[in-house]
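Chain residues, written in single-letter form:
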Amino acid sequence: VRAISCNFRATIGQTRSRLRTSGVIMADTPRIKLRGFGGKPPSNPLLEHLRDTYSPNPLDPREIVINDESAIEITPLDKDTARLNAVRALEKGSGAGSRTLDLVGMLADRFGTTLEGSAEPFGKGGLDKQQLIEFYRRHGWVSSEDNPADLFREPRSPDKSKLPKAGTELTPGTELTPGTELT
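Below: a short report on this structure. (Residues numbered from 1 in each chain as written. Predicted model: local features only at pLDDT ≥ 70, side-chain atom pairs only at ≥ 80, totals over all residues. Heavy atoms only, no water.)

**Here's the deal with the packing of aromatic side chains**
Stage number 1. Within the structure shown, the criterion is met by 2 aromatic pairs.
Stage number 2. Centre to centre, the rings of phenylalanine 135 and tyrosine 136 are 5.6 Å apart; their planes meet at 80°, and the pair counts as edge-to-face. Comparing phenylalanine 135 with tyrosine 136, the two get one shared label, buried.
Stage number 3. Ring plane angle 75° and centroid distance 5.1 Å describe the contact between tyrosine 136 and tryptophan 141, whose orientation is recorded as edge-to-face.
Stage number 4. Classification of tyrosine 136 as buried rests on a relative accessible area of 8%.
Stage number 5. A relative accessible area of 3% means that tryptophan 141 is categorised as buried. (Phe/Tyr/Trp six-rings, centres within 6.5 Å; stacked < 30°, edge-to-face > 60°. Buried < 20%, exposed > 50% of the residue type's maximum accessible area, 1.4 Å probe, protein only.)

Now the structure itself:
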């Protein structure tokens, strides 16, 4: 094995020619396949439903705006798993975060999707790490054994008659908990 010393700024999956132009010559381009990264994102029915039903945030296309009261950032890891990167209430303390987390959980149940996430505070005036962990636990998430801030939610068998239908508008103040019937 020959060691290569250089200022390597190449990204995963770059072509051999780009590596040569950056000063690195290798027989084969390193290929590292990470779940959920690189290439075309995996198809995920939950994420497709969210994108078809709700609007992207025009200021941050990674976010999906839910009923003009919250925004989520969610990434498909595979067809049965998605990572919820962020839930952001547009008005803190309004209950929008809880309603959104319940909605995403019920839709994950409908599509049989496992959700993963981490309790990481961001922004000013929000919940701290321990409060976030408790917030997610109240909404059916479970902490990993290794790190309590790493959370997941397995899909439950839903009563499909009680799930919100595509395009259902939820008004601020609507109490949305598992089992809520929407007409």
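**Thoughts on the pairing of strand β3 (residues 70-78)**
Stage number 1. With 7 of 9 residues buried, β3 is to be regarded as a mostly interior element.
Stage number 2. Relative to β3, strand β2 (residues 60-66) runs antiparallel, the two being bridged by 4 bridges. Within β3, the residue paired with valine 65 across the bridge is alanine 71.
Stage number 3. What sits between the antiparallel neighbours β2 and β3 is a turn of 3 residues, in which asparagine 67 has the positive phi angle 50°.
Stage number 4. In terms of strand pairing, β3 meets strand β4 (residues 81-89) through 8 bridges, oriented antiparallel. Its bridge partner lying in β4, proline 76 is registered against alanine 82.
Stage number 5. Between β3 and β4, which pair antiparallel and follow one another directly, the connecting turn spans 2 residues. (Helix = DSSP H or I, 4+ residues; strand = E, 2+ residues; numbered from the N terminus. Pairing = 2+ DSSP bridges.)

**Focus on unusual backbone geometry**
Stage number 1. One non-glycine residue, asparagine 67, lies in the positive phi region at around 50°.
Stage number 2. Mapped onto the elements of the fold, asparagine 67 is located in the loop between β2 and β3.
Stage number 3. Phi at aspartate 68 is positive, roughly 55°, even though this residue is not glycine.
Stage number 4. For aspartate 68, the position within the fold is in the loop between β2 and β3.
Stage number 5. With relative accessibility at 70%, the residue aspartate 68 sits in the exposed group.

**Focus: the nonpolar core**
Stage number 1. In this structure, Leu50, Ile64, Ile72, Ile74, Leu84, Leu115 and Tyr136 are the most contacted members of the largest nonpolar core, which totals 25 residues.
Stage number 2. Counting only elements with at least two residues in this core, the list comes to α2 (45-53), β2, β3, β4, α3 (96-111) and α4 (129-138).
Stage number 3. The dominant element in this core, judged by the number of residues it contributes, is α3, at 5 residues. (Core = buried A, V, L, I, M, F, W, Y, C linked by side-chain atoms within 4.5 Å.)

**Considering α4**
Stage number 1. For α4, the set of buried residues is Leu132, Ile133, Phe135 and Tyr136. End-on view of α4: buried residues confined to an arc of 160°, all on one side of the axis.
Stage number 2. The elements touched by buried residues of α4 are β4, α3, β6 (142-143) and β7 (150-153).
Stage number 3. Where α4 starts, the residue carrying a side-chain oxygen 3.1 Å from the main-chain nitrogen of glutamine 130 turns out to be aspartate 128.
Stage number 4. Phi turns positive, to about 90°, at glycine 140, one or two residues after α4. (Arc of directions from axis to C-beta. Contact = heavy atoms within 4.5 Å. Polar contact = N/O pair within 3.5 Å; in protein donor to acceptor, adjacent residues only side chain to side chain.)

Read these as geometric descriptors, not functional statements.
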